[in-house]
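Geometric and topological summary
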Amino acid sequence: MAENKDVDFPTLLVLEVTGMLDAAVVVDAIFKAADISLIESLRVGGGRIAIWAGGELSAINTATDAAYLSLADSREARSCIFTLPSEVVREFMSMSVSA
């Protein structure tokens, strides 16, 4: 799936996982579970990978649930959902995506 550098979605999701394998498992699960768009994925340091996605709130919630289910109890993930994100969040994400 190609990355969509546009951050103009009603809901934004940021998932952070440790390691490329966990990132691949999460990406596979979230895009099979919900109709969302990949905005960006990047290494943030310390072996952590951030995955940014956008879409409707219900789809983002479904994708988040799928991410945690796909990792089971043995792996760590963190997430943040921005509903109706402010312009500041959109600008921050746009700067990060274009960097």
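So, how was this worked out
- Residues numbered from 1 in each chain as written.
- Predicted model: local features only at pLDDT ≥ 70, side-chain atom pairs only at ≥ 80, totals over all residues.
- Heavy atoms only, no water.
- Helix = DSSP H or I, 4+ residues; strand = E, 2+ residues; numbered from the N terminus.
- Buried < 20%, exposed > 50% of the residue type's maximum accessible area, 1.4 Å probe, protein only.
- Contact = heavy atoms within 4.5 Å.
- Core = buried A, V, L, I, M, F, W, Y, C linked by side-chain atoms within 4.5 Å.
- Pairing = 2+ DSSP bridges.
- Axes fitted to C-alpha atoms, helices over the stretch in contact; angles between N-to-C directions.
- Expected span 1.5 Å × (residues − 1).
- Arc of directions from axis to C-beta.

1. Here's the deal with the environment of Ile-30
- Relative to the elements of secondary structure, Ile-30 occurs in helix α1 (residues 20–33).
- Among the residues examined, Ile-30 registers a relative accessible area of 0% and is labelled buried.
- C-alpha of Ile-30 to C-alpha of Asp-65: the two residues are 35 residues apart in sequence and 8.3 Å apart in space.
- Every residue in contact with Ile-30, bar those within four places of it in the chain, is listed here: Leu-15, Ile-36, Ile-51, Ala-63 and Ala-67.

2. Looking at unusual backbone geometry
- Unlike most non-glycine residues, Leu-84 shows phi in positive territory, near 45°.
- Relative to the helices and strands, Leu-84 is located in the loop between β4 (77–83) and α3 (87–98).

3. A few points about the nonpolar core
- Formed by 19 residues in total, the largest nonpolar core has its most connected members in Leu-15, Val-17, Val-26, Ile-30, Ile-36 and Ile-51.
- Elements with a minimum of two residues in this core: β1 (11–18), α1, β3 (48–55) and α2 (57–71).
- Examining the composition of this core, we find that five residues originate from one element, α2, more than from any other.
- Once residues within four sequence positions are removed from consideration, Ile-51 is found in contact with Leu-13, Val-14, Leu-15, Ala-23, Val-26, Val-27, Ile-30, Leu-38, Glu-40 and Ser-41.
- Among the nonpolar cores identified, the runner-up in size contains nine residues, and Val-7, Val-14, Ala-50 and Val-89 belong to it.

4. Observations concerning the sheet that holds strand β2 (residues 37–45)
- The four strands lie next to each other as β2-β3-β1-β4, forming an open sheet whose pairing is antiparallel. The sheet terminates laterally at β2 and β4, the two strands that pair on one side only. Taking the axes of each pair of neighbouring strands and ignoring which way they run, one obtains an average angle of 15° across the sheet.

5. Here we look at α2
- Between the first and last C-alpha of α2 there are 22 Å, a value that for 15 residues agrees with the 21 Å anticipated at 1.5 Å per step.
- Considered for burial, the residues of α2 that qualify are Ala-59, Ile-60, Ala-63, Thr-64, Ala-66, Ala-67 and Leu-71. An end-on view of α2 places all buried positions within 165° of arc, on one side of the element. Among the exposed residues of α2, those oriented more than 90 degrees off its buried face are Ser-58 and Leu-69.
- Structurally, α2 contributes buried residues whose contacts are with β1, α1, β3 and β4.

Interpretation in functional terms is not warranted from these geometric data alone.
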